[in-house]
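Topology and contacts: notes
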Amino acid sequence: MAKTLPRTLFDKIWESHVVAQRDGEPAVLYIDLHLVHEVTSPQAFRGLRERGLEVRRPERTVATMDHSVPTRSGQARGRMPVVDAEAAAQLGELEKNCAEFGVELFALGSDQQGIVHVIGPELGFTQPGMTIVCGDSHTSTHGAFGALAFGIGTSEVEHVLATQCLLQRRPKTMLVEVAGQVAEGVTAKDIILALIAQIGVGGATGHVIEYAGEAIRTLSMEQRMTVCNMSIEAGARAGLIAPDEVTFEWLRGRPRAPQDWESAVARWRALPSDPGAAYDTTVVLDGGALEPMITYGTNPGMGIAITQPVPAPDQMSDPRERAALDKALRYMDLEPGRPLLGHPVDVVFLGSCTNSRLGDLRAAAAVVAGRQVAPGVRFLVVPGSQAIKRQAEAEGLDRIFREAGAEWRESGCSMCIAMNGDELRPGQYAVSTSNRNFEGRQGKGGRTFLASPLTAAAAAITGRITDPRQL
Amino acid sequence: MTFTTIQSRAVLLPHDDIDTDQIIPARFLKVTSREGLGVHLFQDWRYESGGTEKADFPLNAPGAREAKVLIAGHNFGCGSSREHAPWALCDFGFRAVVAGSFADIFRSNALKNGLLPVALGKDEHAALCAARQADPALEVTVDLERQVVAWRGQEPIRFPVDPFARRCLLEGVDELGYLLSLQREIEAYEASR
């Protein structure tokens, strides 16, 4: 293709996946990898059956069970039933659908089972330059590899199963430049929480974000996934980070990584945005000025540096913002103007597709080692996959957590979405490494403070919201 | 399901950033069909813990059952990609949501279920909220053919809608059927890689 204009990473992936583009109509976009789980797929498979259709590319389709699987050790291997008959029926339906349509399934009990956005990269299915979709909004996670990855609804799951394509309007692009180096104790989670606090939960609607800058380039692959994972919480269609040596090293040797490795890497090296490529919007964040972040409200944009007081509605000039803050603080039962530091905590959840990878567990274990979980606090540690769980156990991380008094669990979405019985009781406060603090998200009436694994581990030890740099 | 014009009462839920976990909490996603979710629409805002309806919640007000239009704030439907959200809204009886803006995935999911997302400018949205506040029986008209929304005392206001989605709704075009008709193009693309 003779292109003279400099192109972004997004432009390159988009343009190489357009199957057809008729005037005035959305593009027909080819999908390289379709990830499937139990909750958003049954109606799509049912639709195929009703129309007498096949899965067009079973080899580009991979399924796992994660949202409603039990995580209590001993349950996951099938010795104990899942949370209820409905969840069991839904899991059974996925098994049946995958068998009937020839889709590879990492079922409950499989050595490779795990959260869909954890195992995709872990097994090497996720690769730079791909288009990736899943009936799950946190599909944006895979953008960390320089893949265009976004969440879709169940109707679109059916479209991709049947045709390997989607009808899509071209989104806009947003460059998020995180300059400088973050300080000790400040993590990828804090970067993304700070961004969402700055631009708001609708700040990137209609856009694909590309994250760049020194603070992003120096992140590990796992940390990049944490950043891209929460792109959707700013409303973005997807999040992207240009692939580099860190990406290639992480993928090398993974089971489903390309066989023709050298030529794949050569193709991937051409993906990063060209110098001078234009974006629709640019946002700059000073990485060096960031502190550990925590949310106080009922959406991920309601976040502050952990040392700051909870904002006061009467200081808001916009009446809509004032009303939203007032509603959130009533739900959270928090006093405006008071610091969050020292606020008591009932539960700490370390897990989810945002922060359940080995690096997250290691970082939290380093805080916990030689200490005890505060009396009365429940600390759940839920690895993102069976492979991560095995590796953590080989390193003795499970012993550190267990000896401190934490619960060491099997892999799954667990208390991030509270579909499997792992949930908060009404009124309980949790510090959670997950991605959503919406009302009732972690259990009806439960109250969530989103934070990094370091901040979560510190809260587990003290039983209060604690600055991890002070522990 | 085709869509042309609706005229009905409206339910007013003017909060911004209403997420799909509020529209339909995750514990109701363990279903394998699309039907019957309306009873759980806004479950945790709508019912007391014992299951009785909260009298002061707008969905429980007299006339709400007949409403086909929901008026919400900005960034409606943010969060999870669950299509159960538009399924629940449709099952309750809504055919259009008029809001300041919509989250991308929700908008896409809504259009695939014959639920029309209508985004109004800030002032027009505020005017509609005020008119509905003043008159709970206010009839709102949403005309997809002309792409306008109107109510008593208000000149019709034009709203944006994707022209392809508009055609699909007006003519009852099935998107999957459309994609399946592109079989040759898809094969050619696959062969070219």
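Keep in mind it's a predicted model, so treat the numbers as computed, not measured.

Cut-off values and rules
- Residues numbered from 1 in each chain as written.
- Chains lettered and ligands numbered in written order.
- Predicted model: local features only at pLDDT ≥ 70, side-chain atom pairs only at ≥ 80, totals over all residues.
- Contact = placed C-beta atoms within 7 Å.
- Helix = DSSP H or I, 4+ residues; strand = E, 2+ residues; numbered from the N terminus.
- Nonpolar A, V, L, I, M, F, W, Y, C, P; charged D, E, K, R; others polar.
- Pairing = 2+ DSSP bridges.
- Buried ≥ 20, exposed ≤ 12 C-beta atoms within 10 Å, placed from the backbone.

**Here we look at the interface of chain A and chain B**
- At the junction of the two partners, chain A supplies 52 residues and chain B supplies 41 residues.
- Of all elements in the fold, only β1 (18–20), β2 (27–30), α2 (42–51), α4 (85–101), α6 (154–163), β8 (165–168) and α12 (319–332) of chain A reach the threshold of two or more residues within the side of chain A that touches chain B.
- With 6 residues, the top contributor of residues to the side of chain A that touches chain B is α6(A).
- For the side of chain A that touches chain B, the class distribution of residues is 19 nonpolar, 20 polar and 13 charged.

**Some words on the environment of Val382(A)**
- Tracing the chain through its elements places Val382(A) in the loop between β16 (378–381) and α14 (386–394).
- Between the alpha carbons of Val382(A) and Ala289(A) there is a distance of 31 Å; along the sequence they are 93 residues apart.

**A look at the pairing of strand β1 (residues 5–13) of chain B**
All names here are of chain B.
- With 5 bridges connecting them, β1 and strand β5 (residues 139–143) associate as antiparallel partners. Paired with Gln7 across the two strands is Thr141, which belongs to β5.
- Where β1 lies against strand β2 (residues 69–72), 4 bridges are found, and the strand directions are parallel. Counterpart to Ala10 in the pairing with β2 is Val69.

**A word on the environment of Lys444(A)**
- Relative to the helices and strands, Lys444(A) is located in the loop between β18 (429–432) and β19 (447–450).
- Among the residues examined, Lys444(A) registers 17 C-beta atoms within 10 Å and is labelled partly exposed.
- Once the C-alpha coordinates of Lys444(A) and Cys165(A) are considered, the two residues, 279 residues apart in sequence, prove to be 37 Å apart.
- Discounting chain neighbours no more than four positions away, the residues touching Lys444(A) are Pro426(A) and Asp44(B).

**Looking at the sheet that holds strand β15 (residues 347–350) of chain A**
All names here are of chain A.
- The strand order across the open sheet built from 5 strands is β17-β16-β15-β18-β19, with neighbouring strands paired in parallel fashion. Only two strands of the sheet have a single partner each, and these edge strands are β17 (407–408) and β19.
- Relative to β19, β18 is paired through 4 bridges, and the arrangement is parallel. By the bridge assignment for β19, Ala430 is matched with Thr448.

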